[in-house]
Amino acid sequence: MKKIFILFVILMSSSFVISQNNLSKLNDVSRISISTLIPNQVEGLPEIAKQQLSTKIDEIVAIDGLGAENSRFIIMPIINVIGKEITSTTPSMTAINMSVTFIVGDGIDGTKFATASIGVKGVGVNETKAYISAIKNINIHNQIYKTLLENAKIKIVEYYNSKCDFLIKESQVLATQNKYDEAISNLMQVPDVCKDCYTKSMDAVVPIFKTKIDKECKIQITKAKAIWASGQNMEAASQISEILNQIDPASSCYFEVQNLTKEISKRIKEIDQREWNFKLKEQQDEVDIRKLSINAAKEIGIAYAKNRPRVVYNTRIIRGIW
């Protein structure tokens with residue numbers, strides 16, 4: 001019986017470790033993200049073939065749950081044509097033999113994380129078709145890509161762990177410049193597999209989020225009060241409803257929202273003999289505020305990541321990666 005119990009404990013512990021290592025694997029913000037970049041080095045490759053190559057690489061990183069747009073971490077191909085010939089068949093065909101080296105690295109500072117190479121061949125009625133044929137022959141399920149990305153993930157985790165304090169400081173500076181969404185997005189991109197840095201980032205994101213909603217609350221409540229002062233009627237109350245719905249109940253000026261809604265409700269009942277149909281958002285206990293703030297910050301991070309300006313990669317340094 002004792003042996004069975006020990007085995008049960010071991011199995012439960014193993015299950016816990018596995019779940020810890022796979023936290024938020026598919027989460028849009030906290031997962032490790034890698035973008036595809038087709039460098040200008042790929043000379044002679046037709047545009048349609050470049051697009052097809054980009055799609056192939058997107059599929060490779062997507063299989064491992066790493067695909068993302070506009071990440072500082074990139075995967076890019078370097079193509080070397082080993083041989084090109086016209087066949088003696090009828091009709092004649094173009095045959096291409098080339099090697100493709102996949103490089104994963106930091107597109108901003110030029111650090112190379114991992115590389116892997118494969119050889120592919122293609123045949124077509126012309127050179128463009130031959131290139132397309134060769135790219136089609138890239139097997140996205142080749143084990144070599146999984147090894148490549150696993151090695152790269154280790155390096156990316158090391159990046160976050162070694163530069164965590166700098167990342168947090170940089171985000172705090174952005175917050176002082178009123179760039180709250182960018183600051184929050186930067187912190188929320190720290191993968192939760194980087195446990196220490198992730199914890200520090202979550203600790204840092206909460207006060208930035210709080211500053212953001214406090215500032216927004218003051219702006220919105222001032223706007224709402226101005227509308228109410230200019231016309232104390234049902235039309236004004238309807239406009240104010242839309243404004244007040246945007247205010248987070250965790251903000252420091254939410255008591256002003258509560259006071260204004262009481263004033264509006266009382267006035268509407270006096271002049272219109274009916275209730276103002278507006279429901280305040282519920283405030284949360286202090287225990288829940290941190291969790292709710294982090295969840296709200298995740299939504300901000302996702303929205304900002306989808307709409308942020310394109311990352312400007314350092315092409316000079318990228319050439320050094322080659």
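Only a predicted model underlies this, so the values are computations on that prediction, with no experimental measurement involved.

(A) Looking closely at the pairing of strand β4 (residues 112-124). Pairing geometry for strand β3 (residues 94-106) and β4, over 12 bridges, is antiparallel. Its bridge partner lying in β4, I103 is registered against T115. The hairpin turn running from β3 into β4, its antiparallel successor, is five residues long, and G110 in that turn takes a positive phi close to 85°.

(B) Examining the sheet that holds β3 more closely. With mixed pairing, four strands are arranged side by side in an open sheet as β1-β2-β3-β4. The two strands at the open ends of the sheet, each matched to only one other strand, are β1 (35-36) and β4. Here β1 pairs with strand β2 (residues 73-86) via two bridges, running parallel. Following the sheet pairing, S35 is matched in β2 by I74. Its contacts with the sheet place helix α4 (residues 143-162) against β2, β3 and β4, and it is angled at close to 155° to β4.

(C) Region of the structure containing the environment of D192. Take D192: it is sitting in the loop between α6 (180-188) and α7 (195-230). The exposure class of D192 is buried, given its relative accessible area of 8%. Sequence-wise, D192 and M202 are 10 residues apart; in three dimensions their C-alpha atoms are separated by 9.9 Å.

(D) Fine view of the state of the cysteines. Scanning the entire structure with this criterion turns up two disulfides. Note that C164 is cross-linked by a disulfide to C197, the S-S spacing being 2.3 Å. Judged by the torsion about the S-S bond (95°), the C164/C197 disulfide is right-handed. One end of the pair, C164, is in helix α5 (residues 164-176); the other, C197, is in helix α7, and 33 residues separate them in sequence. As far as burial versus exposure is concerned, C164 and C197 are alike and both buried. Here C217 connects covalently by a disulfide to C253, the sulfurs 1.8 Å from one another. With the S-S bond torsion at -130°, the cross-link from C217 to C253 turns out left-handed. With C217 in helix α7 and C253 in the loop between α8 (234-244) and α9 (254-272), the pair connects residues that are 36 residues apart, well separated along the chain. Since its relative accessible area comes to 1%, C217 is described here as buried. As a non-bridged cysteine, C194 has C197 as the owner of its nearest cysteine sulfur, 6.2 Å distant.

(E) Summary view of unusual backbone geometry. Residue P91 is reached from T90 by a cis peptide bond, and omega for that bond is -5°. By secondary structure assignment, the location of P91 is in the loop between β2 and β3. Located in the positive-phi region is N178, a residue other than glycine, with phi close to 65°.

(F) Region of the structure containing the side chain of T101. For T101, the location among the structural elements is in strand β3. A distance of 2.8 Å separates a polar atom in the side chain of T101 from a polar atom in the side chain of S117.

About the criteria used
- Residues numbered from 1 in each chain as written.
- Predicted model: local features only at pLDDT ≥ 70, side-chain atom pairs only at ≥ 80, totals over all residues.
- Heavy atoms only, no water.
- Pairing = 2+ DSSP bridges.
- Helix = DSSP H or I, 4+ residues; strand = E, 2+ residues; numbered from the N terminus.
- Contact = heavy atoms within 4.5 Å.
- Axes fitted to C-alpha atoms, helices over the stretch in contact; angles between N-to-C directions.
- Buried < 20%, exposed > 50% of the residue type's maximum accessible area, 1.4 Å probe, protein only.
- Disulfide = S-S within 2.5 Å.
- Polar contact = N/O pair within 3.5 Å; in protein donor to acceptor, adjacent residues only side chain to side chain.

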